[in-house]
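Read off the chains here:
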Amino acid sequence: MLRLPTFRYLEPRTLTDAVRMKVDAGPAGMYVAGGTDLYPNMKRRQQTPATVISLMRVAELAGRGTGDGGGVLAACRTLTDVAGDSAVRARYPAVARAAELVSTPPLRNMGTLGGNLCLDTRCNYYDQSYEWRKAIDFCMKKDGAICWVAPSSPRCWAVSSTDVAPVMVALGAEYRLVGPTGERVVSAARFYHNDGIDYLTKQRDEILVDVRLPAPDGWDCVYHKLRRRGSFDFPVLGVAAWVRWDRGRGKGEGGRVSEARIVLGGVASWPQEVPEAGAALAGSALDDDAIAAAADAAYKPSKPMDNTDFDLSWRKQMTRVYVTRALQELRARH
Ligand SMILES: Cc1cc2nc3c(=O)[nH]c(=O)nc-3n(C[C@H](O)[C@H](O)[C@H](O)COP(=O)(O)OP(=O)(O)OC[C@H]3O[C@@H](n4cnc5c(N)ncnc54)[C@H](O)[C@@H]3O)c2cc1C
Ligand code: SF4
């Protein structure tokens, strides 16, 4: 049985105290929320914080609220809570859907929205016990020097495997961060970085406090997920598809798409937007030709590596299939 190492555990009650404790702990400190990602990683010694600062008792991170037409989701709300919130389901069904597709009920009862959006990247050579990783002399992401997936590569290609982040990028959500130098708001798209090690652009001590969702005013969004076991696994491909319908044309009135975004999860170290796919949809009525053009545009830059489940060439082909299905769902809902 894998055991947790010894560590110091702190439970601040305010954001100010949490940030101060993190700064005091230095690089050996880490935040934890539900712990469903961090604690398994600590058991496998992939992450080895000497001090763990829990965010779960910080009141500012637990609040609820979806007022004023726009949604504000506090970072420490559990995925079960977000997925079951009637206001989220009514206004932001893609967010609720992505949250309810994460793993299993017990993990959604513990796992939080913030932890999901800050989830560590994943790789078959990294998500292994210490002894397993030691046997291959480790890898660049932790304790080693080489990348076993792309040995001549100077960077790590571990995969962004969060279900909710692609939806946040597609929606154009904004994240509020609080750190030692104050508060700032960044777009979800700018929060992520295409590097398996430095996969977030946030400063080390910053806390993701809440997520601001745009008012639901004429756009729609869906999320589709590919995984081996439908009730359990991480995504090996996620597709978030967002469209804005022309103003003045209501539901069922045969409107056209004025803007669109397609964001892929599970194929790169960040949620990967494919602007060419969005462009292929602009001005269309989501007819079959436009959907085929968007699916083709998304297929080309989708370059899964051989470091998660399934054959990588099949995963790439599935990009076309899943983008098609997502766009067909959007068309059927209009
Ligand atoms: C068997 C298994 C299956 C899983 N399947 C899926 C899946 O299908 N899809 C999926 O998306 N995830 C999956 N997960 C991962 C995980 O359970 C979820 O992503 C969960 O939402 C993580 O939230 P958490 O609160 O437990 O994160 P934690 O483990 O507490 O934290 C994760 C990371 O985020 C940081 N962090 C947490 N909150 C904040 C914050 N507010 N501000 C700044 N940093 C923060 C932590 O420091 C840590 O680095 C799975 C995990 C397991 C063990
Ligand atoms: S992509 Fe390479 S460096 Fe990154 S975790 Fe996998 S083997 Fe390690």
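Residues numbered from 1 in each chain as written. Chains lettered and ligands numbered in written order. Predicted model: local features only at pLDDT ≥ 70, side-chain atom pairs only at ≥ 80, totals over all residues. Heavy atoms only, no water.

A. How the structure looks around the site of ligand 1. Taken together, the neighbourhood of ligand 1 is formed by 34 residues, with Tyr31, Ala33, Thr36, Thr112 and Asp163 sitting nearest. Contact distances for ligand 1 include 2.7 Å between an oxygen atom and a backbone N or O atom of Ala33. Here an oxygen atom of ligand 1 and a backbone polar atom of Gly35 are 2.8 Å apart. For ligand 1, whose unbound accessible area comes to 990 Å², protein coverage reaches 93%. For the shell around ligand 1, the secondary structure elements donating two or more residues are β2 (29-32), α7 (113-117) and β7 (207-213). Residue composition of the shell around ligand 1, grouped by class: 17 nonpolar, 11 polar and six charged. (Near = heavy atom within 4 Å. Polar contact = N/O pair within 3.5 Å; in protein donor to acceptor, adjacent residues only side chain to side chain. Areas by Shrake-Rupley, 256 points an atom, 1.4 Å probe, with all protein chains shown as cover. Helix = DSSP H or I, 4+ residues; strand = E, 2+ residues; numbered from the N terminus. Nonpolar A, V, L, I, M, F, W, Y, C, P; charged D, E, K, R; others polar.)

B. View of the pairing of strand β8 (residues 219-226). Where burial is concerned, most of β8 is hidden: eight out of the eight residues are buried. Residues of β8 alternate between two faces, with Trp219, Cys221, Tyr223 and Lys225 on one and Asp220, Val222, His224 and Leu226 on the opposite face, all of them buried. Where β8 and strand β9 (residues 237-245) come together, eight bridges link them in antiparallel fashion. Directly across from Cys221, in β9, lies its bridge partner Trp242. (Buried < 20%, exposed > 50% of the residue type's maximum accessible area, 1.4 Å probe, protein only. Pairing = 2+ DSSP bridges.)

C. Representation of the sheet that holds strand β6 (residues 182-187) within the structure. Strand order across the open sheet formed by four strands is β4-β7-β5-β6, with antiparallel pairing between neighbours. With one partner strand each, in any of the chains shown, β4 (71-74) and β6 form the two edges of the open sheet. Along the sheet, successive strands turn relative to each other by an average axial angle of 25°, direction set aside. Relative to β6, strand β5 (residues 174-179) is paired through six bridges, and the arrangement is antiparallel. Paired with Leu177 across the two strands is Arg184, which belongs to β6. The sheet strands contacting helix α1 (residues 15-25) are β5 and β7, and the helix crosses β7 at an angle near 135°. (Axes fitted to C-alpha atoms, helices over the stretch in contact; angles between N-to-C directions. Contact = heavy atoms within 4.5 Å.)

Geometry only, nothing functional implied.
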